[in-house]
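Inside the fold
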Amino acid sequence: MAQPSNRVFSGIQPTGNLHLGNYLGAIVKFVAMQESHECIFCVVDLHAITQPFAVWGGPEKLADHTREVTAAYLAAGIDPKKSIIFNQSQVIEHAELAWLFNCVARMGWLNRMTQFKEKAGKDRENASVGLFAYPNLMAADILLYRATHVPVGDDQKQHLELTRDIAAKFNNDFAPQIATLGHGEAYFPMTEPVIEGPATRVMSLRDGAKKMSKSDPSDLSRITLTDDADTIAKKIRKAKTDPAPLPETLDGLAERPEAANLVGIYAALSGQTREQVIGEFGGKEFSTFKPALADLAVEKLAPVSGEMTRYLADPATVDGVLRDGSDRARAIAVETMREVKDIIGFLS
Ligand code: TYM
């Protein structure tokens, strides 16, 4: 199978509480890229279970959380006819390629992963082996489709560097076989991360030093995609800020993480740059800026939330999208695995 020239792959974990960071850092980019690229969007349920039940909700919640991410993809405007939408566990080749990558990636590479350190916390001995090997599965997700571009938030940068390292080592280790079997100099591409725009790292509304996350105990720290208009407005009203008005220049945001975060969110929601937002609101008090931001957030997010609710009330449709997407994803995945197994030399 020829290497595709512009294929996008990305994924989101079904761990509940999808939030504005996921939306602006990832989903909005997904929607934009489907115009110019062949896109595959995954609900990465095999990744979700690397953490304790309390994080992903356990067996009672997994299906609902999987449907929640799928509903968000659809509600935001991903077209399931044009793009592939599926959940990872339905295409078992993800786990198969991840195993092969367990044998390519080095312990030292994984030991450097900051997300593992953050997620495992102090009790590293008690973390699952899956959490440690998580980045290998992520590399498998991407390289199973030989994706060329991966839109993500800033927190995934290190994982994408590892994906390139794995691809390079595989290409190098198996170079003679890759050439002999007619795949040229490299089987896997050097995938490009797409981490762009004013909202690649949306911060908590309660603490500008912390990333907005699904697992923050404070509900006020994040705007979720299922929040109604009143809740969105309330969370923005209560967002932590400092007493000074917004600065007249972008430089003035440097030491003001909460203000910088709200300006970034405004910019991303309105499709402007942060400079343009400062041009409009520089010198204004938060008592002016926050209501404008709340109105904008409600205007942009309420339709998504409404559509999500509609999809969540119709699980049969959502499940049908995942089934169809899985069939289409599997057709590509099976072909890649056949070639990879030939390259490695497995008897088949
Ligand atoms: P996950 O589920 O944690 O997050 C999904 C996407 O949302 C982005 N994101 C953010 N962006 C901006 N600000 C934030 N506060 C914020 N929080 C999350 C993430 O960067 C991500 O793009 N490992 C991935 C899932 C994954 C994946 C993949 C991604 C598995 N396989 C293959 C790309 C390609 C993750 O945990 O995302």
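These lines cover the structure that appears in this document, whether it is placed above or below. Remember, predicted model here, so these are calculated numbers, not experimental data.

The subject of this paragraph is the overall build of the protein. Within the protein one finds 15 helices and 5 strands. Rg of the C-alpha trace for the protein: 21 Å, near the compact-globule value of 20 Å for 348 residues, within the 12% margin. Along the longest, intermediate and shortest principal axes, the C-alpha atoms of the protein span 70 × 45 × 45 Å. A total of 348 residues make up the protein; the buried ones form 50% of that total. In the protein, the proportion of contacts linking residues at least 24 apart, taken out of those at least 6 apart, comes to 77%.

Inspection of every chain in the model, using the stated rule, returns 1 cavity of 30 Å³ or more. In this structure, the largest cavity spans a volume of roughly 50 Å³. Around the largest cavity, the lining residues are Gln 115, Phe 116, Lys 119, Leu 131, Tyr 134, Pro 135 and His 159. Among the secondary structure elements, those contributing two or more residues to the lining of the largest cavity are α7 (114-120) and α8 (129-144). When grouped by side-chain class, the residues that make up the lining of the largest cavity number 4 nonpolar, 2 polar and 1 charged.

Counting residues in hydrophobic clusters, the biggest one holds 58 residues, and the most contacted among them are Tyr 73, Ile 265, Leu 269, Phe 289 and Leu 301. Top element by residues in this core is helix α14 (residues 286-312). It accounts for 10 residues. Formed jointly, this core draws a minimum of three residues from each of two domains, domain 1 (7-200 + 315-344) and domain 2 (219-310). Among residues more than four places away in sequence, those in contact with Tyr 73 are Gly 11, Ile 12, Ile 27, Phe 30, Phe 41, Cys 42, Val 43, Ile 78 and Ile 85.

A word on the layout of surface pockets. Its boundaries defined by the atoms lining it, the largest pocket holds a volume of some 1100 Å³. As for the largest pocket, its lining consists of 47 residues, and the residues nearest its centre are Gln 13, Gln 115, Lys 119, Asp 155 and Lys 211. Breaking the lining of the largest pocket down by element, the ones donating at least two residues are β1 (7-12), α1 (20-33), α7 and α8. Of all the elements, α8 adds the most residues to the lining of the largest pocket, at 5 residues. For the lining of the largest pocket, the class distribution of residues is 17 nonpolar, 19 polar and 11 charged. One number sums up the size of the second largest pocket: a volume of about 190 Å³. What lines the second largest pocket is Leu 46, Ile 49, Thr 50, Ala 95, Ala 98, Trp 99, Asn 102, Gly 130, Ala 133, Tyr 134, Asn 136 and Leu 137. Within the residue set of the lining of the second largest pocket, elements represented by two or more residues are α5 (93-102) and α8. Top element by residues in the lining of the second largest pocket is α8. It accounts for 5 residues. A breakdown of the residues in the lining of the second largest pocket according to their chemical character gives 8 nonpolar, 4 polar and no charged.

With burial as the criterion, each face of strand β3 (residues 84-87) is covered, one bearing Ile 84 and Phe 86 and the other bearing Ile 85 and Asn 87. Note: strand β2 (residues 38-43) against β3, 4 bridges, orientation parallel. In the sheet register, Ile 40 faces β3, and the bridge partner there is Ile 84.

Right, let's talk about the site of the ligand for a bit. Close contacts around the ligand come from 28 residues, with Gln 13, Tyr 134, Asp 141, Asp 155 and Val 202 the closest. Separating an oxygen atom of the ligand from a backbone N or O atom of Gly 153 is a distance of 2.9 Å. Taking a 2 Å distance to the grid points as the criterion, the majority of the atoms of the ligand fall inside the largest pocket. Listing elements by their share of the shell around the ligand, those giving two or more residues are β1, α1 and α8. Of the residues that constitute the shell around the ligand, the class distribution is 12 nonpolar, 11 polar and 5 charged.

Now for the packing of α5 against helix α15 (residues 315-344). Packing of α5 against α15 brings their axes to within 10 Å, and their N-to-C directions diverge by 25°. By the criterion of interaxial angle, the relationship of α5 to α15 is roughly parallel. Between α5 and α15 lies a crossing whose hand is left-handed. Contacts between α5 and α15 involve Glu 93, Glu 96, Leu 97 and Leu 100 from the first element and Arg 330, Ala 333, Val 334, Met 337, Val 340, Lys 341 and Ile 344 from the second. Residues that form the contact of α5 with α15 fall into these classes: 7 nonpolar, no polar and 4 charged.

Rules of the game
- Residues numbered from 1 in each chain as written.
- Predicted model: local features only at pLDDT ≥ 70, side-chain atom pairs only at ≥ 80, totals over all residues.
- Heavy atoms only, no water.
- Helix = DSSP H or I, 4+ residues; strand = E, 2+ residues; numbered from the N terminus.
- Rg over C-alpha atoms; globule rule 2.2 N^0.38 Å.
- Buried < 20%, exposed > 50% of the residue type's maximum accessible area, 1.4 Å probe, protein only.
- Contact = heavy atoms within 4.5 Å.
- 1 Å grid on protein atoms, 1.4 Å probe; cavity = no way out; pocket = protein on both sides within 12 Å on 5 of 7 lines; lining within 4 Å.
- Points joined across faces, edges and corners; volume = space filled by probe spheres on them.
- Nonpolar A, V, L, I, M, F, W, Y, C, P; charged D, E, K, R; others polar.
- Core = buried A, V, L, I, M, F, W, Y, C linked by side-chain atoms within 4.5 Å.
- Domains from an automatic or database assignment.
- Pairing = 2+ DSSP bridges.
- Near = heavy atom within 4 Å.
- Polar contact = N/O pair within 3.5 Å; in protein donor to acceptor, adjacent residues only side chain to side chain.
- Sits in = over half its atoms within 2 Å of the grid points.
- Axes fitted to C-alpha atoms, helices over the stretch in contact; angles between N-to-C directions.
- Parallel < 35°, antiparallel > 145°, perpendicular 65-115°, else oblique.
- Left-handed = near helix turned anticlockwise from the far one by under 90°.

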